Each structure stands twice: as structure tokens, then as C-alpha cells.
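Listed below, chain by chain, are the residues.
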Amino acid sequence: MPAFEYSALDGRGHKKTGLITADSELAARRELRLQQMAPLALRRADSRQGASKPGDALGHWIEYASRRDLGTRDLMLITRQLAALIEAGMPVEESLDLVGRQLEKHAMRRIIMAVRARVTEGSRLADAMAAAPDSFPPVYRALIAAGEASGSLGVVLSRLADHLETEDAVRNKVVGALVYPAVLAVVAIGVITMLMLFVVPRLAEQFTGMGVSLPTLTRVMIAISSFLATSWPWIVAIMAGSVGAFVLAYRQPAYRRIHDAVVVRLPLIGSFLRQVEAAAFARTMSILITSGTVLPDALRAAGRAGSNHAFREMIAVVVSDIESGRGLSDALTRGGWIPSLVIYMVAAGERSGRLDEMFGRAADQLGRDIDSSIAVSLSLLEPGIILVLGLVVVLIVLSILLPILQLNTLVLG
């Protein structure tokens with residue numbers, strides 16, 4: 001039974017919006033009237049077209065809200081709830097209906113009810129989710145399809161929820177750990193800017209009026225201060241333009257491919273990014289193989305899940321090698337991206353026939369290595385920022401003290 005979004009007037013003349021299930025639009029309107037509501041706008045939840053009354057402002061708002069996609073946390077919440085319900089024996093359609101009705105966000109509810117409507121009409125869950133590709137990524141749908149084919153959809157959804165929660169935990173750990181260094185860096189830049197724009201110019205006025213030769217460091221600081229005072233609008237404009245140009249260029253596949261290839265070759269940062277990508281790849285492969293996905297298809301799905309274009313191209317080469325008869329560990333070794341730890345575990349999994357288990361162990365070990373790398377990096381970042389701030393402040397203070405000491409020497413002499 002399809003779902004319809006509506007806006008209607010209740011008995012008191014107040015506008016209300018929501019979802020209603022009915023066999024047709026006519027039946028939905030009839031159901032709304034039975035509930036003492038006068039329909040203003042009505043459309044199918046899985047439709048991308050406008051509301052029944054395009055001129056209605058609320059209808060336009062519904063159309064805008066319906067285009068928003070599921071975020072990572074939204075998808076994680078929905079996946080966990082679906083896993084619990086399906087593992088408890090509830091049919092997919094009823095599980096989607098129950099989850100959709102409990103969601104508070106209109107956009108989330110609309111997407112889930114649209115998926116439910118397609119499932120009700122006979123589509124498989126993975127196919128129904130394909131109608132919202134920005135909300136349900138390709139690898140997510142591939143795992144759902146594998147779970148449906150193997151009859152273990154609930155188990156796959158549970159593992160998917162674990163996978164999403166792990167990724168979210170790593171992301172939150174990085175963001176949370178970077179808050180203090182970011183605040184410290186902003187404060188440091190603010191202090192230095194205030195000194196250069198307000199303190200140094202006033203002292204420069206005092207020194208230049210004395211007719212003495214200023215030390216080189218003081219002249220450099222005064223020149224920098226004058227440049228910042230006169231050119232700060234241009235500096236801000238150039239920085240904003242550079243950020244905007246980067247964002248626009250990053251959306252172009254050709255530029256992003258070059259950018260991703262360069263970033264992963266940078267010292268320290270590149271190795272960390274490769275480690276993160278490899279951990280996500282190993283975790284995804286573990287779930288896919290456990291779900292019964294054949295190896296080439298699992299590699300393709302895991303490759304599409306990668307955020308780095310260079311990684312995706314490497315996986316495409318690995319798939320080609322696999323289909324030509326090469327072993328997985330040999331193909332991954334040729335790619336030159338995957339850490340040796342993963343290669344060794346994959347080779348052991350190929351020999352023992354427990355490839356899914358070895359991918360899972362490799363992902364766990366890489367996750368621990370990533371946590372350690374984050375902790376070490378952040379423990380070095382904070383004192384590094386403090387050290388840089390201290391050096392800059394010392395230079396500014398010296399540029400102020402040197403002329404004073406020079407004047408004292410002249411007076412005493």
C-alpha cells in the first residue's frame with residue numbers, strides 16, 4: 001500500500017502535515033476527510049514531482065524537505081532498528097512502516113515510507129532503496145541484496161549497523177580530539193593578529209619619532225604590521241576565493257582524482273589516510289563475504305564504498321587481476337596500497353578458507369592502529385601549536401624590546 005504526504009486543515013483551521021497510507025490518492029483524500037481534515041496538498045511519498053497544488057507554499061516546503069538525504073547517523077539509527085525488528089521475525093514491510101512512523105524528521109520519514117511503498121508493490125528491499133541512491137550508498141544496497149539472497153537480512157543489517165557505528169565512533173573521536181587544538185590555534189592566530197595590528201603600530205610611531213636606526217627585526221615586524229593593516233581586506237578576499245575555488249574544483253572528477261592521488265603520497269598524512277581507507281575496505285569485505293557475495297562483486301562494492309578515487313582505481317585493477325586468475329593477496333600486493341598486515345591475513349584466509357574472518361581481524365587491528373595514531377598525533381599537535389605561538393610572541397616582544405634597549409644604551413653612553 002503506497003504512502004502519501006499531505007498538508008491539510010484540521011477542524012480549527014490549523015495546517016498539519018504528515019504521512020498517510022492508502023490504496024490511491026482518492027482513498028487518501030477520503031481517509032483525511034474521515035479524520036475531519038480538509039486536504040490542501042497530496043502526493044505519493046516516493047514521487048519527486050510537486051504536490052497536488054504547486055502554488056501552495058507548504059507544498060513547496062514539502063518538496064524541498066523531501067529532497068534532503070539521510071545522514072550517517074540517521075542511516076545508522078534506521079539500520080539498527082530494522083535489524084532488531086527483522087531479527088525478531090517481523091516482515092520487512094511492517095518493519096519499515098513501524099520505523100517510519102517513529103521517525104521525527106519529516107525527510108527521514110518520507111524516505112523510509114517511500115521505500116516501504118515500493119516494497120509493498122513487490123520490489124526487493126535493495127531495489128526499493130536504489131530509488132534514493134544518495135541516502136543508501138551502493139555498498140549498503142549491495143549488502144542488503146546479499147542478505148536478501150542468503151536469507152539472513154536481519155544478521156546483515158545488524159552487521160551493517162555495527163559497521164556504521166564503528167565509522168561514526170572513529171569520526172567523532174577525531175573531531176572531538178581536534179576541538180581543543182582548533183580552538184587553541186584560533187586563539188593563537190587572534191592574539192598574534194591583535195599584536196600586529198594594534199600594539200606594533202603604536203610602538204612604531206614612538207620609535208620612528210625618535211630618529212634612531214631601528215634593529216632589523218623591528219623593521220621587519222613594522223613592515224609586516226603595515227602590510228596587514230592596509231591589505232587585510234585583500235587577504236580575506238583571497239583566502240575566501242581560494243576556499244571557494246577549491247570546493248568547486250573538488251567537485252570535478254578529474255581534479256578530485258589528481259588531488260586524491262597526491263594526498264595519499266604526502267608524508268605522515270598519506271600513510272594515515274591509506275590506513276583508514278584499508279580499515280574500511282577490510283570491514284566492508286568481511287561483511288560482504290560473510291553475506292555470501294562472490295569475491296569480484298564484493299571487491300567492486302567495497303571499492304565503490306571508498307572515499308578516495310585513487311583507491312577505487314586500485315580496486316578496479318585488483319578486480320581485473322582476480323577475474324584473470326590471480327590470487328587476492330597477490331593482486332592486493334600489486335596494488336601497493338593495502339598494508340602488509342592485511343595482505344598477510346588475506347593470504348592466511350585464502351589458505352584456510354576463512355577469508356571473511358581474516359578480513360574482520362585485519363579491520364579490528366587496523367582500527368586499533370588508527371586509534372593509536374590519532375592519540376600520538378594529537379598529543380604532539382597541542383604542544384606544537386603552543387610552541388609556534390610562543391616563538392611568534394617572543395619575536396614580537398623582542399622587536400619591541402630591542403629598540404628600548406638600544407635607546408637605553410645611547411642614553412647611558
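One structure accompanies this document, and this report is about it. (Residues numbered from 1 in each chain as written. Predicted model: local features only at pLDDT ≥ 70, side-chain atom pairs only at ≥ 80, totals over all residues. Heavy atoms only, no water.)

Our next topic: the overall build of the protein. Helix and strand content of the protein: 16 helices and 3 strands. Within the protein, contacts between residues at least 6 apart in sequence are counted, and of these 58% link residues at least 24 apart. (Helix = DSSP H or I, 4+ residues; strand = E, 2+ residues; numbered from the N terminus. Contact = heavy atoms within 4.5 Å.)

Compared with an ideal rise of 1.5 Å per residue, which puts 16 residues at 22 Å, helix α3 (residues 72-87) spans 22 Å between its outermost C-alpha atoms and is within 8% of the ideal. Of all the positions in α3, only Asp74, Leu75, Met76, Ile78, Thr79, Leu82, Ala83, Leu85 and Ile86 are classed as buried. Immediately beyond the C-terminal end of α3, within one or two residues, lies Gly89, with a positive phi of roughly 100 degrees. (Expected span 1.5 Å × (residues − 1). Buried < 20%, exposed > 50% of the residue type's maximum accessible area, 1.4 Å probe, protein only.)

The next subject is the packing of helix α12 (residues 295-305) against helix α13 (residues 309-323). Contact geometry of α12 with α13 gives a least axis separation of 9 Å together with a crossing angle of 175 degrees. It follows from the interaxial angle that α12 and α13 lie roughly antiparallel. The segment α12 lies against α13, with Leu295, Pro296, Leu299, Arg300, Ala302, Gly303 and Arg304 engaging Phe311, Arg312, Ile315, Val318, Val319, Ile322 and Glu323. Taken together, the residues that form the contact of α12 with α13 break down as 9 nonpolar, 1 polar and 4 charged. (Axes fitted to C-alpha atoms, helices over the stretch in contact; angles between N-to-C directions. Parallel < 35°, antiparallel > 145°, perpendicular 65-115°, else oblique. Nonpolar A, V, L, I, M, F, W, Y, C, P; charged D, E, K, R; others polar.)

With that settled, the discussion passes to the pattern of salt bridges. Oppositely charged side chains are able to pair whenever their charged atoms sit close together. For the structure on display, the rule yields 13 salt bridges. In this structure, Glu323 engages Arg300 in a salt bridge whose closest nitrogen and oxygen atoms are separated by 2.2 Å. Of the two residues, Glu323 sits in helix α13 while Arg300 sits in helix α12, which places them 23 residues apart along the sequence. Taking the relative accessible area as the measure of exposure, Arg300 reaches 32% and is therefore partly exposed. (Salt bridge = Lys/Arg side-chain N within 4 Å of Asp/Glu carboxyl O.)

With that settled, the discussion passes to the packing of helix α4 (residues 92-102) against helix α5 (residues 106-120). For the pair α4 and α5, interaxial distance at closest approach is 9 Å and the crossing angle is 160 degrees. Classed by the angle they form, the pair α4 and α5 counts as roughly antiparallel. Once α4 is placed against α5, the crossing between them reads as left-handed. Contact with α4, carried on its side by Val92, Glu93, Leu96, Asp97 and Gly100, involves Arg109, Ile112, Met113, Val115, Arg116, Val119 and Thr120 of α5 and no other residues of that element. For the contact of α4 with α5, the residue count by class is 6 nonpolar, 2 polar and 4 charged. (Left-handed = near helix turned anticlockwise from the far one by under 90°.)

Right, let's get into the side chain of His309. Inspection of the secondary structure puts His309 in helix α13. Not counting residues up to four positions away in its chain, the partners in contact with His309 are Arg256, Arg257 and Asp260.

Mapped onto the elements, Lys105 comes out in the loop between α4 and α5. A sequence separation of 31 residues divides Lys105 from Asp74, and the C-alpha atoms of the two residues are 9.6 Å apart.

With the rule as written, the count across this model stands at 5 aromatic pairs. Seen in terms of ring centroids, Phe246 and Tyr255 are 6.3 Å apart; in terms of plane orientation they differ by 80 degrees. Their pairing is edge-to-face. The class of Tyr255 is partly exposed, set by a relative accessible area of 34%. (Phe/Tyr/Trp six-rings, centres within 6.5 Å; stacked < 30°, edge-to-face > 60°.)

Generally speaking, a soluble globular protein has its nonpolar side chains buried in company with each other. Counting 69 residues, the largest nonpolar core has Phe136, Phe281, Ile338 and Phe359 as its most contacted members. At 9 residues, the largest contribution of residues to this core is made by helix α16 (residues 355-412). Discounting chain neighbours no more than four positions away, the residues touching Phe136 are Leu70, Leu75, Ile111, Ile112, Val115, Met129 and Arg141. Among the nonpolar cores identified, the runner-up in size contains 8 residues, and Met196, Ala204, Ile222 and Ile400 belong to it. (Core = buried A, V, L, I, M, F, W, Y, C linked by side-chain atoms within 4.5 Å.)

What follows covers a nonpolar patch on the surface. Together, Val394, Leu395, Val397, Leu398, Leu401, Leu402, Ile404 and Leu405 give the surface a local cluster of nonpolar side chains, amounting to about 610 Å² of exposed area. The class for Val397 is partly exposed, based on a relative accessible area of 37%. (Patch = residues over 30% accessible without salt bridge, like charges linked within 9 Å, V, L, I, M, F, W, Y side chains within 5 Å. Areas by Shrake-Rupley, 256 points an atom, 1.4 Å probe, with all protein chains shown as cover.)

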